[in-house]
Amino acid sequence: MLQKPRCRSHPGAQPDSGTSEEVPNGSGRPDAKQDTAGTLSSSSRLAQATPASELRTQKQLELKVAELVQFLLIKDQRKIPIKRTGILKHVIRDYKDIFPDLLKLAAERLHYVFGYKLVELEPKRNAYILINALEPVEEDGEMRGNQGTPTTGLLMIILGLIFMNGHSIPETEVWDFLRRLGVYPTKKHSVFGDPKKLITEDFVRQRYLESRRIPHTDPVDCELQWGPRANLETSKMKVLKFVAKVHNQDPKVWPTRYCEALADEQSRAGPEPSGSAPTS
Amino acid sequence: MGRRPRLQRCAVAISLRYRCWPSESCYLPATNMSKGEGSLPGGKEKGEEMVGSLAWRYLVKQGEEEETLKQEEEEEEEEEGGLDCCSDDLSPETSGMHPDLLELAVDREKCRSIRRQYRQLIYTVQQNREDIVNTASDSLTEALEEANVLFDGVSRTREAALDAQFLVLASDLGKEKAKQLNSDMSFFNHVVFCDLLLVFVGLNWVEDQGEELSDCDDSIALTFWGMVQKEATSWMLRAETFHFVFGSFKAERSARKPRLEHHKRACKMEGNGDMPTKLRKLDMNANQETTEKEVERILGLLQTYFQKYPDTPVSYFEFVVDPNSFSRTVENIFYVSFIIRDGFARIRLDQDRLPILEPTNVNQVDEESDPCSYGRKQGVISLSLQDWKNIVSTFEISEAMIKNSC
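None of the values given here were measured: they were computed from a predicted structure.

1. Examining the overall build of chain B
Here is step 1: The helix and strand inventory of chain B stands at 17 helices and 3 strands.
Here is step 2: Every one of the 406 residues in chain B was classed for burial, and the buried ones make up 33%.
Here is step 3: Of the contacts made within chain B by residues no fewer than 6 positions apart, 69% connect residues no fewer than 24 positions apart.
Here is step 4: Entry remark: accessible area of chain B is about 26800 Å², with carbon and sulfur atoms responsible for 54%.

2. Here's the deal with the overall build of chain A
Here is step 1: Helices and strands together make up the secondary structure of chain A, namely 11 helices and 6 strands.
Here is step 2: Within chain A, buried positions represent 47% of all 280 residues.
Here is step 3: A fraction of 58% describes how many contacts in chain A between residues 6 or more apart in sequence connect residues 24 or more apart.

3. Let's talk about the interface of chain B and chain A
Here is step 1: Each side of the interface is counted separately: chain B has 43 residues, and chain A has 62 residues.
Here is step 2: With both chains or domains summed, chain B and chain A bury close to 5300 Å², and 62% of this area falls on carbon and sulfur atoms.
Here is step 3: Remark: the boundary between chain B and chain A carries 1 salt bridge.
Here is step 4: For Glu231(B), the salt bridge goes to Lys245(A), with nearest N and O atoms at 3.1 Å.
Here is step 5: Run the count over chain B and chain A and you get 11 residue pairs in polar contact (both at pLDDT 80 or more).
Here is step 6: Counting only elements with at least two residues in the side of chain B that touches chain A, the list comes to helix H9 (157–180), helix H10 (190–201) and helix H12 (218–233) of chain B.
Here is step 7: Ranked by residues supplied to the side of chain B that touches chain A, first place goes to H12(B) with 11 residues.

4. A short note on the sheet that holds strand E3 (residues 127–132) of chain A
All names here are of chain A.
Here is step 1: Reading across the sheet, the 3 strands line up as E1-E3-E2 and stay open at both edges, with antiparallel pairing between neighbours. Each edge of the open sheet is held by one strand with a lone partner, namely strand E1 (82–83) and strand E2 (116–120).
Here is step 2: Examined bridge by bridge, E1 and E3 share 2 bridges and lie antiparallel to one another. Counterpart to Lys83 in the pairing with E3 is Ala127.

5. A word on the confidence of the model for chain B
As a note on interpretation, predicted positions should not be read in detail where pLDDT is low.
All names here are of chain B.
Here is step 1: This prediction gives chain B a mean pLDDT of 70; 56% of its residues lie at or above 70.
Here is step 2: Mean pLDDT across the secondary structure elements of chain B bottoms out at helix H2 (residues 29–35), with 41, and peaks at helix H17 (residues 385–395), with 90.
Here is step 3: Note on residues 20–53: pLDDT is under 50 here. Beyond four places in sequence and across chains, it has 30 contacts.
Here is step 4: Of the regions scoring below 50 in pLDDT, residues 254–258 engages in 1 contact with residues more than four places distant in sequence or in other chains.

6. A short note on the packing of helix H9 (residues 236–247) of chain A against H10(B)
Here is step 1: Look at H9(A) against H10(B): their axes get within 8 Å of each other, and the N-to-C directions meet at 75°. Between H9(A) and H10(B), the interaxial angle falls into the category roughly perpendicular. On H10(B), the residues that touch Val243(A), Lys245(A), Val246(A) and His247(A) of H9(A) are Val192(B), Phe193(B), Leu196(B), Leu197(B) and Phe200(B).
Here is step 2: Class assignment for the residues of the contact of H9(A) with H10(B) results in 7 nonpolar, 1 polar and 1 charged.

7. Some words on the side chain of Ser315(B)
Residue and element names in this part refer to chain B.
Here is step 1: Among the secondary structure elements, Ser315 is positioned in strand E1 (residues 314–315).
Here is step 2: A residue is classified by how much of its surface remains accessible, and Ser315, at 17% relative accessible area, is buried.
Here is step 3: Leave out the neighbours within four places in its chain, and Ser315 touches Pro355, Ile356 and Phe395.

8. A short note on the pattern of salt bridges
Residues and elements named next belong to chain A.
Here is step 1: Counted under the stated rule, the structure contains 22 salt bridges over all chains.
Here is step 2: Close ionic contact of Arg109 with Glu62 constitutes a salt bridge, the shortest N to O distance being 3.3 Å. One end of the pair, Arg109, is in helix H4 (residues 99–114); the other, Glu62, is in helix H2 (residues 58–75), and 47 residues separate them in sequence.
Here is step 3: Look at Arg109 and you get partly exposed, because its relative accessible area is 23%.
Here is step 4: Across the pair Arg229 and Asp76 runs a salt bridge, and its minimum N-O distance is 3.8 Å. Of this pair, Arg229 sits in helix H8 (residues 228–233) while Asp76 sits in the loop between H2 and E1, placing them 153 residues apart in sequence.
Here is step 5: On the accessibility criterion, Arg229 (0% relative accessible area) is buried.

9. As for unusual backbone geometry
Here is step 1: Although it is not a glycine, Arg93(A) sits at a positive phi angle of roughly 50°.
Here is step 2: Here Arg93(A) is to be found in the loop between helix H3 (84–92) and H4.
Here is step 3: Phi is positive for Arg353(B), close to 65°, though the residue is something other than glycine.
Here is step 4: In this fold, Arg353(B) is placed in the loop between strand E2 (345–349) and strand E3 (355–359).

10. A few points about the pairing of E3(A)
All names here are of chain A.
Here is step 1: Counting buried positions along E3 yields 6 of 6 residues, so the element is predominantly enclosed.
Here is step 2: Of the two faces of E3, both are covered, the one formed by Ala127, Ile129 and Ile131 as well as the one formed by Tyr128, Leu130 and Asn132.
Here is step 3: In this structure, the hairpin formed by E2 and E3 is closed by a connection of 6 residues, where Lys124 is found at a positive phi of approximately 70°.

11. Observations concerning the environment of Arg207(A)
Here is step 1: Examined against the element boundaries, Arg207(A) turns out to sit in the loop between helix H7 (195–205) and strand E5 (209–213).
Here is step 2: Contact partners of Arg207(A), with chain neighbours within four places excluded, come to Pro81(A), Leu121(A), Glu122(A), Gly227(A), Pro228(A), Arg229(A) and Ala230(A).

12. Digging into the packing of aromatic side chains
Here is step 1: Applying the stated criterion to the full structure yields 13 aromatic pairs over all chains.
Here is step 2: With a centroid separation of 5.5 Å and an interplanar angle of 25°, the aromatic rings of Phe177(A) and Phe193(B) are classed as stacked. In this pair, Phe177(A) is assigned in helix H6 (residues 171–179) and Phe193(B) in helix H10, connecting two distinct chains. The exposure classification of Phe177(A) matches that of Phe193(B), with both residues buried.
Here is step 3: For the ring pair Tyr305(B) and Tyr309(B), a centre distance of 5.0 Å and an interplane angle of 55° mean the geometry is tilted.
Here is step 4: Judged by its relative accessible area of 18%, Tyr305(B) falls in the buried class.

13. Topic: H4(A)
Counting along an α-helix, one turn takes 3.6 residues, and residues three or four places apart therefore face a common direction.
Residue and element names in this part refer to chain A.
Here is step 1: Look at H4: 21 Å from first C-alpha to last across 16 residues, which is about the 22 Å you get at 1.5 Å a residue.
Here is step 2: Among the residues of H4, those classed as buried are Phe99, Leu102, Leu103, Leu105, Ala106, Ala107, Glu108, Leu110 and His111.
Here is step 3: Of the residues one or two after H4, Gly115 is the one with positive phi, at around 75°.

14. Details of the packing of helix H5 (residues 151–164) of chain A against H12(B)
Here is step 1: Contact geometry for H5(A) and H12(B): axes closest at 7 Å, N-to-C directions at 70°. One element, H5(A), and the other, H12(B), form an angle in the roughly perpendicular class. At the point where H5(A) passes H12(B), the crossing takes the left-handed sense. Mapping the contact onto sequence places Thr151(A), Thr152(A), Gly153(A), Leu154(A), Met156(A) and Ile157(A) in H5(A) and Trp225(B), Val228(B), Gln229(B), Ala232(B) and Thr233(B) in H12(B).

15. So, the confidence of the model for chain A
Here is step 1: Here chain A shows a mean pLDDT of 78. Residues at 70 or above account for 76%.
Here is step 2: A low-confidence stretch, residues 1–41 of chain A stays under pLDDT 50, and its non-local contacts, those more than four residues away or across chains, total 43 contacts.

Conventions and cut-offs
- Residues numbered from 1 in each chain as written.
- Chains lettered and ligands numbered in written order.
- Predicted model: local features only at pLDDT ≥ 70, side-chain atom pairs only at ≥ 80, totals over all residues.
- Heavy atoms only, no water.
- Helix = DSSP H or I, 4+ residues; strand = E, 2+ residues; numbered from the N terminus.
- Buried < 20%, exposed > 50% of the residue type's maximum accessible area, 1.4 Å probe, protein only.
- Contact = heavy atoms within 4.5 Å.
- Areas by Shrake-Rupley, 256 points an atom, 1.4 Å probe, with all protein chains shown as cover.
- Buried area = accessible area lost by both parts, 1.4 Å probe.
- Salt bridge = Lys/Arg side-chain N within 4 Å of Asp/Glu carboxyl O.
- Polar contact = N/O pair within 3.5 Å; in protein donor to acceptor, adjacent residues only side chain to side chain.
- Pairing = 2+ DSSP bridges.
- pLDDT = per-residue confidence, 0-100.
- Axes fitted to C-alpha atoms, helices over the stretch in contact; angles between N-to-C directions.
- Parallel < 35°, antiparallel > 145°, perpendicular 65-115°, else oblique.
- Nonpolar A, V, L, I, M, F, W, Y, C, P; charged D, E, K, R; others polar.
- Phe/Tyr/Trp six-rings, centres within 6.5 Å; stacked < 30°, edge-to-face > 60°.
- Expected span 1.5 Å × (residues − 1).
- Left-handed = near helix turned anticlockwise from the far one by under 90°.

Written as structure tokens, this is what we have:
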């Protein structure tokens, strides 16, 4: 399905849609114009592409896309991946045949209006998440992440532990560490409530972490690893830099980790230059 | 041929291979890694020697003698069953084999004790898992050497299976130990990380004063996690949760509540409402008829009385008053008023100025046929509870003249 909405350069953007949208250039992104053109042309393309279903007017399609955008935004509140079956059942219903187009339009709108990317969690798993398309900037340090309980800090610490320990860590070691910070698996925490549930259930359900049983252990122990969502929202290099910042040292102090992070960065950047062949 | 020829052939092959190579070199290469230096070369030497000299020749012979072996196994299997019998059968039959390879007397007791020792070993290793993995002791190597020694006495697949189980456990532990090897120049220390987190947030005084974060106030914990959160969010591309600016309607919940209450109220009404509706229905239907019936009945009573005692007017109060029920009295007054209105009786005051009821003569009715000549006279009788009681006591009315029909 949809991996990343790429900025398409449409040769000769069609100006026939009539609605000349006023583009607020608040973000100052250079590709904003291209996105507008892309949206207009793709929606007109959509209208042209449905000769079979003449009953669907342009207005109905717009309404459907708007519903889909709302649905995705609200479903993402709990940060649990949004299933494709849910989307089809609750929003799309009869418009199943043009589902891919609707999804693409919704993704564009989310990206353009809200700055969120609609990404498929794992290829062919039919679950989607929203991630922030905008890199964090100094000025919005006050605004970002100040809603609800501050779980991102805990998550980042755990991701750091996992990465610095190799690629997995037994749960018991995580608790040994967190004990020193006043977080106990059995005691109620003033900020997090039930930390054990938060880490072993919520984070796993949100796909930030993955939990696997370690064989041959008598009190059953699990080992935690990075989940797919963690790989999408952050990267090894970023986590390493976070750890380095706390230690007030350079990330290169841990050579193996730094090499791994570097390799990860390259693999992320890798496919894009080769994949930028025009795909229309 | 045989019943399960392929299975038996495999069983034979496995048991024979164990005899050929009593060392561990026939197992997966993973074990070589975890075994340590001492035992490995020795084991290999032994194995190679065997491979070179005896076992290979033996295997060649095995191919020739497979037919006879199979037949023997079938017979034996009928008696005993299972794969254990393989080793038993081979000793008498395959006399062409090298005696060094074969266990001459397969002692059941011995096998049992070997199995017991294996299980003991596995149990010990599982119990001391933490020690073995985390410390830098040689306990894993020692356990493996013990297994080595035990394996020399193994001749059957049952014990060999236990040996395999132990090796799986040992290799898991070995893998964990290897993971703990840290080849980094500067080791990542959890305790240091923890302390540095506190320093980073600015709560280093917690450490200095010898306290722990768990003992501190909730507000301090909140500031700590708030600061960590702020730093962490700058490294993550997390989408903010969507909220309406002025909140949203929680339509579902509010729709349910009034429904429930209304439902409850409706239930209550229906629960109590059965009785009144029934009665009302009865009253409504029978209302008109009841009055007429009652009037007729009372008229009949009155006329009977007049026939019994002609020319004797009856005292009004004595007629209508029911000493037992005030409401009945009022009803009787009501019905008698109909009788008077219709002209079947007359009410007038006697010499004591007390009302009496007189029958009207039919002749009189005929003479003055026009009811209007009577002159409309109206009388209003008001009776209170106290008056009624007074009347009852004054007139000494003991029982009602108008008996109840119902």
